[in-house]
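Examination of the molecular architecture
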Amino acid sequence: KFNKVSGNFYCQSNKLTTLKGCPKYVGGHFHCSRNKLTSLEGGPKIVEMSYDCMDNQLTTLKGCPEKIGSGFHAGSNKLTEMDFCPKECRVANFSNNYNLISIKKFPEKCIRVDFSWTKLLSLKGLENVEGLEEVYVANSPLVSIFGGRIKDISMIKHFISFKVVDGDTINI
């Protein structure tokens, strides 16, 4: 058990079911993808570069880091709602979470987010994200409204305030 790693920490493809014993600080990249994790509890709290937890069995992001310096990659899991997330990351990838339907919490600062291949019907939670420049929604119910990519972030605020999607109804 150790608290700090100055470089990268790779523990992917090891059939892990828990991150117990992982460092609390990683100065480089942290990769725990392709395991059998159901939560991120026990993992690092600060990762200076990217954090990759793709292709696990995550149903929650509880225990995810508070700060990620680069990308947060949580795609290809079993998420149904965004219930926990880092306060800050540059890129957030939640693609291929086929049953993701709602955002309850989202980073305060983020440049790009990917919700492709989800069932997301609302972008509520993204309207006040500092620095947001792009949102990808390809192959999701939102693609019929926005196309595959949203570059005009003000559209998200209008989308929410005008209740374009209200439950299962699209109001156009």
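One can find the structure itself at the top, above this paragraph.
What counts as what
- Residues numbered from 1 in each chain as written.
- Predicted model: local features only at pLDDT ≥ 70, side-chain atom pairs only at ≥ 80, totals over all residues.
- Heavy atoms only, no water.
- Pairing = 2+ DSSP bridges.
- Helix = DSSP H or I, 4+ residues; strand = E, 2+ residues; numbered from the N terminus.
- Buried < 20%, exposed > 50% of the residue type's maximum accessible area, 1.4 Å probe, protein only.
- Phe/Tyr/Trp six-rings, centres within 6.5 Å; stacked < 30°, edge-to-face > 60°.
- Lys NZ or Arg CZ within 6 Å of the ring centre and 35° of its normal.
- Salt bridge = Lys/Arg side-chain N within 4 Å of Asp/Glu carboxyl O.

**With respect to the sheet that holds strand S4 (residues 30-31)**
Ordered in space as S2-S4-S6-S8-S10-S12-S13-S14, the 8 strands form an open sheet in which the pairing is mixed. Among the strands making up the open sheet, the edge pair consists of strand S2 (9-10) and strand S14 (149-150). Looking at chain direction, S2 and S4 are connected through 2 bridges and run parallel. The residue of S4 that forms the bridge with Tyr 10 is His 31.

**Structural notes on unusual backbone geometry**
Phi is positive for Asp 55, close to 60 degrees, though the residue is something other than glycine. Since its relative accessible area comes to 41%, Asp 55 is described here as partly exposed. The backbone of Ser 76 shows a phi angle near 55 degrees, a positive value even though the residue is not glycine. Along the chain, Ser 76 falls in the loop between strand S8 (71-73) and strand S9 (81-82).

**Structural notes on the packing of aromatic side chains**
Counting across every chain of the model gives 7 aromatic pairs. Where Phe 106 meets Phe 115, the ring centres are 6.1 Å apart and the plane angle is 45 degrees; that geometry is what we call tilted. We note that Phe 106, like Phe 115, is buried. A connected cluster of aromatic rings, assembled from ring pairs, spans Phe 9, Phe 30, Tyr 51, Phe 72, Phe 94, Phe 106 and Phe 115. Residue placement shows Lys 4 over the ring face of Tyr 25; its charged tip is 5.3 Å from the ring centre.

**A word on the pattern of salt bridges**
Inspection of the entire model under this criterion finds 5 salt bridges. Put simply, Glu 134 and Arg 149 hold a salt bridge, and the shortest N to O gap is 3.0 Å. Residue Glu 134 is located in strand S13 (residues 134-136), and its partner Arg 149 is located in strand S14; the two are separated by 15 residues in the primary sequence. In this structure Glu 134 comes out as buried when scored by relative accessible area, which is 13%. Given a relative accessible area of 42%, Arg 149 falls into the partly exposed group. Ionic pairing is found between Lys 151 and Glu 134, a salt bridge with its closest N-O pair at 3.6 Å. Taken together, the positions of Lys 151 in the loop between S14 and helix H2 (154-161) and Glu 134 in strand S13 put the pair 17 residues apart, joining distant regions of the chain. On the accessibility criterion, Lys 151 (52% relative accessible area) is exposed. Shared partners join several salt bridges into a network, and the residues in it are Glu 134, Arg 149 and Lys 151.

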